[in-house]
Amino acid sequence: MTYNILRFAEVDSTNALCKRLALEGAREGLVIVAATQTAGRGRLDRKWLSPRGGLWFSVLLRPRLAVGKAPLLTMAAAVAVAETIRETTALEATLKWPNDCLIAERKVAGILVEGKFTKPVESFAVLGVGINVNNVFNEQLRGEFLVPPTSLKEILGHDVELDSVLEKFLSLFEREYVELLRGRQAELVGHWMRLSSTLGRSVRVETGLGGHASFEGIAEKVDDDFALVVQLSNGSSIRVMAGDCVHLTPIVQF
Ligand code: BT5
């Protein structure tokens, strides 16, 4: 993939801008990077705080992928984010299903894939990534987050060059993306599982849907569609396609 990187001092949301350009016919590989976002967003229209110092960017993809397989893009990006952090800082970044990257149970990065999956020619996916690199959080704000946040600078005590993090991510992501498009999902799933801190763990899952809107169990595995399989105390399992997952206890061995 040939990347074409456009940099901005400030945008509303790199995902929103990337989407607008996608609709105008921009090519796969367009990367929008912004020093700050005034309306950065997470899933379900949640706010994503994007002050200067962080790495906020979106990549335009035009994958030939069945609609149901779109979550695998999040998975591929998550693997690339965790490995980028491990390789550039040697910190032990892990993955929380479905879209968080954590260090010591604090959220250091989040991923938001949005798209339009209709006719193959018109369809696209915008892969948005936010990594807390050199930004720091004040204590008051910290309490308002779903998962306590952290940044690379906060842990390391020094700045990390934003461009080197971006470059590393783009090359690692491309590798996972190519594998995915070749249909080698099993490798990708295996890769994600090795980096995961969700599996083997007691979790609470919130789906926001009726029925089993919220339940607890042991996170057993993710399947080929990146659904999370959770084992309940009565021995049965629930397969969750989308939702939030809260880590409840330390990892237990299966
Ligand atoms: C995410 O959503 O984690 C996806 C975040 C994606 C952000 C990128 S930045 C570039 C691109 N352009 C965009 O507009 N977005 C993408 P979710 O799992 O729903 O988590 C959202 C929650 O994370 C919020 O409700 C807060 O609790 C918390 N949060 C907000 N800002 C944060 C930050 N900078 N670091 C850690 N946690 C944050």
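First, a word on what this report is: a plain description of the structure on this page. These numbers come from a predicted model, not from an experiment. (Residues numbered from 1 in each chain as written. Predicted model: local features only at pLDDT ≥ 70, side-chain atom pairs only at ≥ 80, totals over all residues. Heavy atoms only, no water.)

## Overview of the pairing of strand 8 (residues 202-206)
We count it as follows: A simple rule labels every residue: compare its accessible area, found with a 1.4 Å probe on the protein chains alone, to the largest value its type can have, and call it buried under 20%, exposed over 50%, or partly exposed in between. Going along the chain from the N terminus, every DSSP run of H or I of four or more residues is numbered as a helix, and every run of E of two or more is numbered as a strand. Paired strands, in this sense, are two strands between which DSSP finds at least two bridges.
Judged by which residues are buried, strand 8 turns out to be one-sided: Val-203 and Val-205 face inward and are buried, whereas Ser-202, Arg-204 and Glu-206, on the alternate face, are not. Of the strand pairs in this sheet, strand 8 and strand 9 (residues 214-222) are connected by five bridges, and their pairing is antiparallel. Directly across from Glu-206, in strand 9, lies its bridge partner Ser-214. Pairing of strand 8 with strand 12 (residues 244-247), which is carried by four bridges, proceeds in the antiparallel orientation.

## What about the site of the ligand?
Definition in use: Definition of nearness: a residue and a molecule or strand are near each other if at least one heavy atom of the residue lies within 4 Å of the molecule or strand. Pairs of N or O atoms within 3.5 Å make up the polar contacts considered here, provided that, within protein, one atom can donate a hydrogen while the other can accept it, and that residues adjacent in sequence are counted only when both atoms are side-chain atoms. Amino acids outside the nonpolar list (Ala, Val, Leu, Ile, Met, Phe, Trp, Tyr, Cys, Pro) and the charged list (Asp, Glu, Lys, Arg) are all regarded as polar, and Gly is one of them.
The environment of the ligand is formed by 28 residues, the closest being Ser-13, Arg-41, Arg-46, Lys-107 and Asn-132. Interatomic distance of 2.7 Å between a side-chain N/O atom of Ser-13 and an oxygen atom of the ligand. Residue assignment for the shell around the ligand shows that the elements contributing at least two residues are helix 1 (14-23), strand 3 (55-61), strand 6 (106-116) and strand 7 (124-131). Sort the elements by how many residues they give to the shell around the ligand and strand 6 lands first, with four residues. Of the residues in the shell around the ligand, the class split is ten nonpolar, twelve polar and six charged.

## Some words on the pattern of salt bridges
Side-chain pairs of opposite charge can arise whenever the charged atoms involved come near each other. Put simply, the rule reads: Here a salt bridge means any side-chain nitrogen of Lys or Arg lying within 4 Å of a carboxyl oxygen belonging to Asp or Glu.
Tallying each qualifying case throughout the model produces 20 salt bridges. A salt bridge links Asp-225 to Lys-69; the nearest nitrogen and oxygen atoms lie 2.5 Å apart. Taken as a pair, Asp-225 in the loop between strand 9 and strand 10 (228-231) and Lys-69 in the loop between strand 3 and helix 2 (71-89) lie far apart in primary sequence, 156 residues in all. The salt bridge involving Glu-105 is made with Arg-201; its shortest N-O contact spans 3.1 Å. Separated by 96 residues along the polypeptide, Glu-105 in the loop between strand 5 (100-103) and strand 6 and Arg-201 in the loop between helix 6 (185-195) and strand 8 bring together distant segments of the chain.

## Section: the sheet that holds strand 8
Here is the rule: Between N-to-C directions, angles cover 0 to 180 degrees, with each direction set by a line fitted to C-alpha atoms, over the stretch in contact for helices.
Taken together, five strands build an open sheet; the order of strands is 11-10-9-8-12 and the sheet is antiparallel. Only two strands of the sheet have a single partner each, and these edge strands are strand 11 (237-240) and strand 12. Averaged over all adjacent pairs, the angle separating strand axes in this sheet is 45°, with direction ignored. Bridge count for strand 9 against strand 10 is four bridges, and the pairing is antiparallel. Bridged to Ala-219 within strand 10 is Val-230.

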